[in-house]
Amino acid sequence: MLTLGFPWGQLVVESVGENVDGVVEGDVVIPHFLADCTECVGCRSKKGNLCSAFPFKISPWMPRDQTSRFKDLRGETIHHFVSVSSFSEYTVLDIAHVVKVDPTVPPNRACLLSCGVSTGVGAAWRTANVEVGSTVVIFGLGSIGLAVAEGARLCGATRIIGVDVISEKFEIGKRFGVTEFVNSKNCGDKSVSQIIIDMTDGGADYCFECVGLASLVQEAYACCRKGWGKTIVLGVDQPGSQLSLSSFEVLHSGKILMGSLFGGLKAKSDIPILLKRYMDKELELDKFVTHEMKFEEINSAFDLLIKGKCLRCVIWMGE
């Protein structure tokens, strides 16, 4: 276990517990919710990024012993949150949820790869493996969808089509590589999938669902190209939501439908690569940050998020 602090905005290792390798006191690190133990079958495989030793789950406890390391002034237990618990000046993490990073990377940019931006970029880069010259469709141009666009741009996609219900998002999307836009409210008597099929002469190479609606997953699957099209699901739907697909179409269309948790990234190897690409001015992280606020203003930051008035809001713990 590690105790981490946030001096000057960086997440720094304050102390290291027994049997912990890979980091030492003073190292700059990034926490990540999806475990990367580097030792289990899942972490050793190049086929995926799901740790079999510490599978992802919403838990209030530390992953190895199901206990908490936090107490309040009265001695009562404070719960952890998705193995990160970062809304605090000090936190305790398992080594499987920490990656050491280059300390020269600005912390208000490095933090974007803890989750969110990394998920979208990784989905295009690692999960879909978007190819140069391909056509990409993104359902939902929130921060995750825009991160997919950024990842697709990095991979060399020629056409990046954004789908949303707010037309103003097209102007924002252009900064991230979006080349065309469809307002799904203005499709007339056609479905949005039929509109996409018509635009792309048969369907897109890659479709990404970034909203969290089963109906949009089905639309995305419907408009990815027969024979090789991939539909990647990133949006988090309501528990119990079901998909309904024709088994005949699944057999005869030759398409792929898959999920992408944390963008298919292996944190300990892939986050340093993305940070280097940022420092090399390839990955454009700056444009994701629309606000920076003090920790005392965190409720205002949530208000901005709920109202859709920000992409990423960086919270500073200190001056």
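Before any of the text, the structure's been laid out above.
Everything numeric here is computed off the predicted structure, so don't read it as measured data.

Side note on the overall build of the chain
Argument step 1. Assigned secondary structure in the chain consists of 10 helices and 15 strands.
Argument step 2. Its C-alpha atoms put the chain at 60 × 40 × 40 Å along the principal axes.
Argument step 3. Each of the 319 residues in the chain was classed as buried or not, and the buried ones make up 48%.
Argument step 4. In the chain, 63% of the contacts between residues at least 6 apart in sequence involve partners at least 24 apart.

Regarding the layout of surface pockets
Argument step 1. One number sums up the size of the second largest pocket: a volume of about 370 Å³.
Argument step 2. Lining the second largest pocket are 20 residues, and of these Asp-21, Cys-37, Glu-39, Ile-95 and Ala-96 sit closest to its centre.
Argument step 3. Per-element accounting of the lining of the second largest pocket gives the leading share, 3 residues, to strand β7 (residues 98-100).
Argument step 4. Across the lining of the second largest pocket, the residue classes break down as 9 nonpolar, 3 polar and 8 charged.

Notes on the sheet that holds strand β10 (residues 180-183)
Argument step 1. Sheet architecture is open: 6 strands sit in the order β10-β9-β8-β11-β12-β13, paired in parallel fashion. In the strand order of this sheet, the two ends are held by β10 and β13 (256-259), each with one partner. Here the strands of the sheet are splayed against their neighbours by 20° on average, with no regard to which way each runs.
Argument step 2. Looking at chain direction, strand β8 (residues 135-139) and strand β9 (residues 159-164) are connected through 5 bridges and run parallel. Looking at β9, one finds that Phe-139 is bridged to Val-163.
Argument step 3. Where helix α4 (residues 143-155) meets the sheet, it contacts β8, β9 and β11 (206-209), and its direction lies at approximately 170° from that of β8.

Regarding the state of the cysteines
Argument step 1. All chains considered together, the criterion is met by 0 disulfides.
Argument step 2. Cys-37 takes part in no disulfide bond, and the closest cysteine sulfur to it belongs to Cys-40, at a distance of 3.7 Å.
Argument step 3. The class of Cys-37 is buried, set by a relative accessible area of 13%.
Argument step 4. Among the cysteines around Cys-40, which has no disulfide bond, Cys-43 carries the closest sulfur, lying 3.6 Å off.
Argument step 5. Taking relative accessible area as the criterion, Cys-40 reaches 10% and is therefore assigned buried.

Calculation notes
Residues numbered from 1 in each chain as written. Predicted model: local features only at pLDDT ≥ 70, side-chain atom pairs only at ≥ 80, totals over all residues. Heavy atoms only, no water. Helix = DSSP H or I, 4+ residues; strand = E, 2+ residues; numbered from the N terminus. Buried < 20%, exposed > 50% of the residue type's maximum accessible area, 1.4 Å probe, protein only. Contact = heavy atoms within 4.5 Å. 1 Å grid on protein atoms, 1.4 Å probe; cavity = no way out; pocket = protein on both sides within 12 Å on 5 of 7 lines; lining within 4 Å. Points joined across faces, edges and corners; volume = space filled by probe spheres on them. Nonpolar A, V, L, I, M, F, W, Y, C, P; charged D, E, K, R; others polar. Pairing = 2+ DSSP bridges. Axes fitted to C-alpha atoms, helices over the stretch in contact; angles between N-to-C directions. Disulfide = S-S within 2.5 Å.

So, to be careful, I would describe these as geometric facts and stop short of saying anything about function.
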